[in-house]
Amino acid sequence: MQQFGACRAVVFDLDGTLADTVGDLTTALNRTLAERDLPPHSETAVRGMVGGGLAKLLARGLAAHDVSLDAGEHQAVLARFVGHYAANPVERSTLYPGARETLGALRDAGVLCGLCTNKHDAITRDVLAGLGIAGAFGAVQGSDAGFPRKPDPAGLSHVVKTLGAAPATTLMVGDSAIDLETARAAGLKGVVLVSYGYSVTPVTELKPDSVINHLHDLVPALALPARAQ
C-alpha cells in the first residue's frame, strides 16, 4: 500500500466502508415494495443496488421489477422507504472488522476524523450512535444537510473545513467511484478505496491512490506515531 505524507485529517464514507448496512436497507426496501404488492429482493441483490443514496436504491429496486414511477409518485414512495429505514436503521447493521480500532488509533494519534455520506443526515447520526462510533467524528455530513450529494464536492469540502483541516492534508477513505470522484473534485491529498465494499466495479479498476482489503491496513500507511502532533 502507498505510504502517504503527513495527514491532518481522514474523511470516511459510511456504507460499505465503515459499516455493512445492507441488512437494514434490505428490510426497509422490502417493506416498501410489499406496500405495492411487489416481491422482496434478496440481501445479495440489494447489495448490488446500493450506492448514491436511498432514492437511487429505491429506483433500482423498482426497476428490477420493471416498475417505473413518475416524479410525484416516486417521491411519495421514497418517503415511505425513508420512514421504514429511519424506524430501524441499526437492527442488522454491523461495523466492518477493524473499524472501531482504526478510528481509535487515528484519534489517539491526533488525526481528525470526518464522515461524508449520501445517507440522510438524521439516519446517519442514528446509525453512528447505534454502532457506538458517533464520538469518533469531528464533522458529519449527510445528504440532506445543506449540500448536494456526492459526487458534488461541496459537502466533503465542508467537512474538511469544519475539521479545521485543508484538502492538501486530508485523505478520503471510501468504497466507490462516487467517493473517488468526490475526493478528486475536492482536491484532497489522496483517496483510499476498500476492496470489500459495495462497488460493482472492482475498485482496483477505478485507480485510486491505494486499495486496502482491511481497515487495519490504513493505520500503517499513515505512519501515525511519526505524525501525531
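The structure this text deals with has already been given above.
Conventions adopted
Just so you know, the residues in each chain are numbered from 1, in the order the chain's sequence is written. The predicted nature of this model means local features are confined to residues of pLDDT at least 70 and side-chain atom pairs, given and counted, to a pLDDT of 80 or more, with totals for whole chains, interfaces and linings taken over all residues. In computing side-chain values, all of the structure's heavy atoms are included and hydrogens and water are not. Runs of E in the DSSP output that reach at least two residues are strands. Runs of H or I that reach at least four are helices, and both are numbered from the N terminus. Accessible area is worked out with a 1.4 Å probe on protein chains only. A residue is then buried under 20% of its type maximum, exposed over 50%, and partly exposed in between. Between N or O atoms, a polar contact is any pair within 3.5 Å; within protein, one atom must be a potential hydrogen donor and the other a potential acceptor, and residues adjacent in sequence are included only when both atoms are from side chains. Here, strands pair whenever DSSP counts at least two bridges between them. Each axis is a line fitted through C-alpha atoms, taken for helices only over the stretch in contact, and angles between the N-to-C directions span 0 to 180 degrees. Angular relationships are summarised with four words: roughly parallel below 35 degrees, roughly antiparallel beyond 145, roughly perpendicular across 65 to 115, and oblique for the angles in between. The sense of a crossing depends on the near helix, which, turned anticlockwise from the far helix by less than a right angle, makes the crossing left-handed and, turned clockwise, makes it right-handed. Should any heavy atoms of two residues lie within 4.5 Å, those residues are considered in contact. Put simply, Ala, Val, Leu, Ile, Met, Phe, Trp, Tyr, Cys and Pro go in the nonpolar bin, Asp, Glu, Lys and Arg in the charged bin, and everything else, Gly too, in the polar bin. A pair is scored as a salt bridge if a Lys or Arg side-chain nitrogen falls within 4 Å of a carboxyl oxygen belonging to Asp or Glu. For this text, the term disulfide refers to a pair of cysteine sulfurs within 2.5 Å. Read the arc as the range of directions from the helix axis to the C-beta atoms.

1. So, the side chain of Ser93
Thought 1: Of note, Ser93 is situated in the loop between α4 (71-87) and β3 (94-95).
Thought 2: By relative accessible area, Ser93 is classed as buried at 7%.
Thought 3: Engagement of the side chain of Ser93 in a polar contact is seen with the side chain of Asp24, the distance being 2.6 Å.
Thought 4: A polar contact is formed between the side chain of Ser93 and the backbone oxygen of Pro89, at a distance of 3.4 Å.

2. Concerning the pairing of strand β1 (residues 9-12)
Thought 1: Of the two faces of β1, the one carrying Ala9 and Val11 and the one carrying Val10 and Phe12 are both buried.
Thought 2: Of the strand pairs in this sheet, β1 and strand β6 (residues 170-174) are connected by four bridges, and their pairing is parallel. Following the sheet pairing, Phe12 is matched in β6 by Val173.

3. A few points about the packing of helix α1 (residues 22-34) against α4
Thought 1: It is at 8 Å that the axes of α1 and α4 come closest, and there the two elements cross at 140°. In terms of their interaxial angle, α1 and α4 are classed as oblique. Crossing handedness for the pair α1 and α4: right-handed. Contact with α1, carried on its side by Asp24, Leu25, Ala28, Leu29, Arg31 and Thr32, involves Val77, Arg80, Phe81, His84 and Tyr85 of α4 and no other residues of that element.
Thought 2: Across the contact of α1 with α4, the residue classes tally to six nonpolar, two polar and three charged.

4. A few points about the pattern of salt bridges
Thought 1: In total, this model carries eleven salt bridges according to the counting rule given.
Thought 2: Note that Glu43 and Arg47 form a salt bridge whose closest N and O atoms lie 3.7 Å from each other. Within this pair, Glu43 and its partner Arg47 are both found in helix α2 (residues 43-47), separated by four residues, close to a single helical turn.
Thought 3: Note on Arg47: relative accessible area 28%, which makes it partly exposed.
Thought 4: As a salt-bridge pair, Arg107 and Asp108 come within 3.2 Å of each other at their nearest N and O atoms.

5. Regarding the state of the cysteines
Thought 1: According to the stated counting rule, one finds zero disulfides in the structure shown.
Thought 2: This cysteine, Cys7, is not joined by any disulfide, and Cys113 carries the nearest cysteine sulfur, 11 Å off.

6. Section: the side chain of Ser176
Thought 1: Tracing the chain through its elements places Ser176 in the loop between β6 and α8 (177-186).
Thought 2: A distance of 3.1 Å separates a polar atom in the side chain of Ser176 from a polar atom in the side chain of Asp179.
Thought 3: Those residues in contact with Ser176 that sit more than four places away from it in its chain are Leu193, Ser199 and Leu206.

7. Comments concerning helix α3 (residues 54-63)
Thought 1: Listed in full, the buried residues belonging to α3 are Leu54, Leu57, Leu58, Gly61 and Leu62. The buried residues of α3 occupy an angular sector of 130° when the element is viewed end-on, so they sit on one face.
Thought 2: Where α3 is buried, its residues meet α1, α2, α4 and α6 (121-131).

8. Examining the sheet that holds β1
Thought 1: Taken together, the six strands give an open sheet; going across it, the order is β5-β4-β1-β6-β7-β8, and neighbouring strands pair in parallel fashion. The open sheet has two edge strands with one neighbour each: β5 (139-141) and β8 (210-212). Between one strand axis and the next, the sheet turns by 20° as a mean value, whatever way the strands run.
Thought 2: Bridge count between strand β4 (residues 112-116) and β5: three bridges; the pairing is parallel. Its bridge partner being in β5, Cys116 is matched across the sheet by Gln141.
Thought 3: Against the sheet, helix α7 (residues 154-163) touches β1, β4, β5 and β6, its axis set at about 155° to β4.

Everything listed here is a matter of geometry and, on its own, says nothing about what the molecule does.
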